[in-house]
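Letter by letter, the chains look like this.
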Amino acid sequence: MWLMYLNVFLVGGLICMIGQILLIKTNITSSRILVLFVVIGAILEALGLYEPIVNFAGAGALVPITGFGRSLAKGAVDAIKTQGFLGVFTGGLTATAGGIAAAVIFAYLFALIFNSRTKKY
Amino acid sequence: MIAKKCGKQSVKFSTPVKIISTYSIVGQKEGNGNFKDYFDYILKDDKFGEDTFEHAERKLIEHAIIHGIERAHLNIQDIDLMLAGDLLNQITSSSFTARKLNATFVGLYGACSTMAESLAVGACMVDGGFFKNVVCATGSHFSSAERQYRFPLELGNQRPPTSQWTVTGAGCAILSADGPNDCNKIYSATFGKVVDYGVTDVNNMGAAMAPAACSTLIAHFEDMHTKPEDYDLILTGDLGKLGSELLIDLMEHNGYKLGRNYSDCGQMMYNDNQKTFQGGSGAGCSASVLNSYVMRKLSEGSIKRVLFLATGALLSSTSAQQGDSIPGICHAVEIRRE
Amino acid sequence: MDDKELHEKYNAYVQAKIPKTKNFPSLFYSYLVGGLICMLGQGISDTLLAIFPSMTKDAASAWMLIGLIFLASFLTGLGVYDRIGVFAGAGSIVPITGFSNSIASPAIEYKKEGIIFGLCVKMFSVAGPVIVNGLAVSIIVGIIYMFL
């Protein structure tokens, strides 16, 4: 049980640190980092390489944005099994609908409540 | 007949143009920096009581101009011409200020070089005998610039180590053909060329602008037949730490040695604890430092001859996204005190 | 020396002049913060599973992600998330909370230009590419799977 948390920390942190290395070495924007990691996650999932990481590290592999890519790819593949070719189009977004809807609606809500502030440093 | 032109890019005024009053206003962060004792007004709230950052920037420029005019014991009606510019699209901060003040207005855009540009153009107007009192002003706001050129303020990204911090601030100088004899005067000005050395990194403005500063500086020395040692202070606008090191190297490459009399407003603006990396940038950077610290030092007599060069990067977010390199420009004015 | 050569020479010289930052602290902080966010996620889903024994593991993960997204939007609204980002870097960008931050921050920022044309239009200005590319890849993966 507690060993699982160590795995979560080690794997989750490692994925983030790879992002930080890219950020320092190539000076790319955060938007590009996110795109890159989603695509990598989807490809790893398609190759069957991401599931073992999820089993080993749980949230450590689900919380980083690569997990979002994994859900997109996994959703498409799962939906094809039940819906056939239609699943290619419905699967990805269905699997990630919760996350996207939450991100949109909470952003909407808090944008109505809060105002932006100047950065201090 | 071209009597006042001097060399290729410079003009020398037959009667030195008087700077009868100056005013500077800055934000909180700048107010905690190295020049905190010199600024005329330091904001307590970065929005200056307005609802948006763009409105706050407008109010900064307006505040600087109104108080500058007041300090010169003039009324707004006495001002013949207002020369101003800023960094926002279509220079709205300046033109909306002109609308409010009901001023005769010529809008300038030289990005961060606007202070030197407006002083140079204004001095020509006054010395040419066209206008008596000319207001030169510019300003910038960190948050409005960040919104327009970079990312939303709340986005949790890291600024690269070569980046600079846009100064929240505005400065105003009033030029006049009239006025007391013992004031700071503009003797000459050098207009710059647009120089582009192919730098494409939008987070490294210092490197993009340093060649422009070098070009204008050399033009000024050649046109005026002077040397760097002739000036008590050679002050660039917002090259930042890296940019000023590049400029020193570039000048040395061209046979001029910039010594201890060389400084950069952006580099001096913040102290090391403020984590701005390369220092300040933006139109308000050179405007606020020139109109506070430099003018005060001239008035006190501790320096007598200043060459003020403000540099600007003439890019837009569209040009940067389309992969164009960043052109730079730099204008210079020589300010003296007898 | 022609222009192109000069430009290349100048750019190379600038690159050499750029101050070298100490990479180690930022790598350490990104690891730490990223790892902690993931541990928080694991904690949420384990708690959910303990409270609702009938819940499936997938449902618990989905709720956990929604919870983290909520937390990140809220912290973005309070103006805290960007301060975490200053020292954590990718540690707070790469987790799903960074995705949430990249949707919430433009929404909050551009509210002043109106609800429809500011808030709603700009909401995806940072995160839009993530959804577009992610979806494209998932469709490609799906098509390949169909024909394999």
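Notes on the structure follow. Predicted model only: the values in this text are computed from it and were never measured.

Rules of the game
- Residue numbers here run from 1 along each chain, matching the order of that chain's written sequence.
- As a convention, the first chain written is A and the first ligand written is 1, with the rest following in written order.
- This being a predicted model, a pLDDT of at least 70 is required before a residue's local features are given, and a value of 80 or more before pairs of side-chain atoms are given or counted; all residues contribute to the totals for chains, interfaces and linings.
- Side-chain metrics in this entry use all non-hydrogen atoms of the structure; hydrogen atoms and water are not considered.
- Think of it this way: any DSSP run of H or I at least four residues long counts as a helix, any run of E at least two long counts as a strand, and we number them from the N terminus.
- A radius of gyration in this sense is built from C-alpha atoms; the matching globule rule multiplies 2.2 Å by the number of residues raised to 0.38.
- Partly exposed residues are those whose accessible area sits between 20% and 50% of the maximum for their type, while under 20% is buried and over 50% is exposed, using a 1.4 Å probe and protein chains only.
- Note on contacts: a residue pair is in contact if any heavy atoms of the two residues lie within 4.5 Å.
- Surface accessibility follows the Shrake-Rupley procedure with a 1.4 Å probe radius. Residue values consider only the protein chains on display as shielding.
- Throughout, the accessible surface (probe 1.4 Å) given up by two parts as they are put together, summed over both, is called the buried area.
- When a carboxyl oxygen of Asp or Glu lies within 4 Å of a side-chain nitrogen of Lys or Arg, that pair is called a salt bridge.
- Distance and chemistry together define a polar contact, namely a pair of N or O atoms within 3.5 Å, with one atom able to donate a hydrogen and the other to accept it when in protein, and with adjacent residues in sequence counting only for side-chain atoms on both sides.
- Note that Gly is not counted as nonpolar here; it falls among the polar residues with everything else outside the nonpolar set of Ala, Val, Leu, Ile, Met, Phe, Trp, Tyr, Cys and Pro and the charged set of Asp, Glu, Lys and Arg.
- Side-chain atoms within 4.5 Å are what join buried Ala, Val, Leu, Ile, Met, Phe, Trp, Tyr and Cys residues into a set we call a nonpolar core.
- In short, DSSP must find at least two bridges between two strands for them to pair.
- By convention, a crossover is right-handed whenever its connection, traced from the first strand over the helix to the second and viewed with the strands pointing away, goes clockwise.
- Residues with no salt bridge and a relative accessible area higher than 30% make up the patches, which join like charges within 9 Å and nonpolar side chains (Val, Leu, Ile, Met, Phe, Trp, Tyr) within 5 Å.
- The positive count covers Lys and Arg only, the negative count covers Asp and Glu only, and His and the chain ends enter neither.
- Note that the charge is assigned to NZ on lysines, CZ on arginines, CG on aspartates and CD on glutamates.
- Note on ring pairs: Phe, Tyr and Trp rings are taken, using the six-membered ring of Trp, and paired if centres are within 6.5 Å. Classes follow the plane angle, with under 30 degrees stacked, over 60 edge-to-face and the rest tilted.
- Only lysine NZ and arginine CZ atoms are considered, and such an atom sits over a ring when it is within 6 Å of the ring centre and within 35 degrees of the ring normal.

### What to know about the overall build of chain C
Looking only at helices and strands, one finds eight helices and zero strands in chain C. Element order for chain C, N to C, with α for helix and β for strand: α-α-α-α-α-α-α-α. Whereas a compact globule of 148 residues would reach a radius of gyration of roughly 15 Å, chain C reaches 21 Å, over 25% beyond that. The principal-axis extent of the C-alpha atoms belonging to chain C is close to 75 × 45 × 45 Å. Taken across its 148 residues, chain C has 48% of its residues classed as buried.

### Details of the overall build of chain A
Scanning chain A for helices and strands turns up six helices and zero strands. Put simply, chain A runs from its N terminus to its C terminus through helices and strands in the order α-α-α-α-α-α. Counting only C-alpha atoms, chain A reaches 50 × 35 × 35 Å along its principal axes. Going through the 121 residues of chain A one by one, you find that 52% of them count as buried. For chain A, the share of sequence-separated contacts (at least 6 apart) that also reach a separation of at least 24 residues comes to 52%. A total of about 5,500 Å² of accessible surface is found on chain A, and carbon and sulfur atoms cover 73% of it.

### Digging into the interface of chain B and chain A
Across the contact, 17 residues belong to chain B and twelve residues belong to chain A. Of the roughly 1,200 Å² buried between chain B and chain A, counting both surfaces, carbon and sulfur atoms make up 48%. Along the contact surface separating chain B from chain A lie zero salt bridges. Put simply, chain B and chain A have four residue pairs in polar contact (both at pLDDT 80 or more) between them. For the side of chain B that touches chain A, the elements supplying multiple residues, two or more each, are helix H1 (28–31) and helix H5 (142–149) of chain B. Classifying every residue of the side of chain B that touches chain A gives seven nonpolar, six polar and four charged.

### Comments concerning the nonpolar core
Counting residues in each nonpolar core, the largest one holds 52 residues, and the members touching the most others are Val63, Ile65 and Phe68 of chain A together with Val94, Ile96 and Phe99 of chain C. Top element by residues in this core is helix H6 (residues 86–113) of chain A. It accounts for seven residues. Excluding residues that lie within four positions of it along the chain, valine 63 of chain A makes contacts with Ile37, Cys38, Gly41, Met64, Leu65, Leu68, Val94, Pro95 and Ile96 of chain C. Counting residues in each nonpolar core, the second largest holds 46 residues, with Val17, Ala116, Tyr270 and Leu298 of chain B among its members.

### A word on the side chain of serine 286 of chain B
For serine 286 of chain B, the position within the fold is in helix H9 (residues 283–300). If sequence neighbours within four positions are ignored, serine 286 of chain B has contacts with Cys112, Met115, Gly237, Cys265, Phe308 and Ala310 of chain B.

### Considerations on the interface of chain A and chain C
Each partner contributes to the interface: chain A provides 70 residues, whereas chain C provides 68 residues. Between chain A and chain C, a total of about 5,900 Å² is buried, with carbon and sulfur atoms accounting for 79% of that surface. Area buried by chain A at its contact with chain C is led by Tyr5, Phe9 and Val63 of chain A, which between them contribute 11% of it. Across the chain A-chain C interface, the total number found is zero salt bridges. Our count for the contact surface shared by chain A and chain C stands at 15 residue pairs in polar contact (both at pLDDT 80 or more).

### What to know about unusual backbone geometry
Residue and element names in this part refer to chain B. Phi at asparagine 102 takes a positive value of approximately 55°, unusual for a residue other than glycine. Counting through the fold element by element, asparagine 102 comes out in the loop between helix H3 (92–101) and strand E5 (105–107). Relative accessible area serves as the criterion here: at 71%, asparagine 102 is assigned to the exposed category. Although it is not a glycine, lysine 275 adopts a positive phi angle of roughly 50°. Tracing the chain through its elements places lysine 275 in the loop between helix H8 (265–269) and strand E12 (280–281). Using a relative accessible area of 52% as the deciding quantity, one classes lysine 275 as exposed.

### Considerations on the pairing of strand E4 (residues 81–86) of chain B
Residues and elements named next belong to chain B. Here E4 lies mainly inside the structure; six of its six residues are buried. Alternating positions in E4 separate into two faces, Leu81, Leu83 and Gly85 on one and Met82, Ala84 and Asp86 on the other, with burial throughout. As paired elements, E4 and strand E6 (residues 133–140) share six bridges and run parallel to each other. Paired with glycine 85 across the two strands is threonine 138, which belongs to E6. With three bridges connecting them, E4 and E5 associate as parallel partners. Opposite leucine 83, over in E5, you have valine 106 as the bridge partner. Handedness of the crossover joining E4 and E5 through H3: right-handed.

### Quick notes on a negative patch on the surface
Negative charge collects at one region of the surface, where Asp2, Asp3, Glu5 and Glu8 of chain C lie side by side. Assignment of secondary structure puts glutamate 5 of chain C in helix H1 (residues 3–17).

### A short note on the environment of phenylalanine 124 of chain C
Its location among the elements puts phenylalanine 124 of chain C in the loop between helix H7 (115–122) and helix H8 (128–146). Sequence-distant contacts of phenylalanine 124 of chain C, that is, excluding residues within four places in its chain, are made with Val104 of chain A together with Ile103, Pro129 and Ile131 of chain C.

### Describing the side chain of arginine 305 of chain B
By secondary structure assignment, the location of arginine 305 of chain B is in strand E13 (residues 305–313). When near neighbours in sequence (up to four residues on either side) are disregarded, arginine 305 of chain B contacts Thr226, Asp230, Tyr231, Asp232, Leu233, Leu298, Glu334, Ile335 and Arg336 of chain B.

### Points about the packing of aromatic side chains
Under the definition given, this model contains 23 aromatic pairs over all chains. Aromatic pair phenylalanine 35 of chain B and tyrosine 38 of chain B: ring centres 6.4 Å apart, planes at 70°, arrangement edge-to-face. Members of the aromatic cluster, each reached through a chain of ring pairs, are Phe106, Phe110 and Phe114 of chain A together with Phe70 and Phe74 of chain C. Above the face of the phenylalanine 53 of chain B ring, lysine 47 of chain B is positioned so that its terminal group lies 4.9 Å from the ring centre. When the ring centre of phenylalanine 48 of chain B is taken as reference, the NZ or CZ atom of lysine 59 of chain B above it lies at 4.6 Å.

### Description of a nonpolar patch on the surface
A contiguous nonpolar surface patch, about 690 Å² in accessible area, is contributed by Leu109, Leu112 and Ile113 of chain A together with Ile115, Ile116, Phe117 and Val121 of chain C. Of all elements in the fold, only H6 of chain A together with H7 of chain C reach the threshold of two or more residues within the nonpolar patch. Broken down by element, the nonpolar patch gets its largest block of residues, four residues, from H7 of chain C. The residue isoleucine 116 of chain C is located in helix H7 in this model. Relative accessible area serves as the criterion here: at 53%, isoleucine 116 of chain C is assigned to the exposed category.

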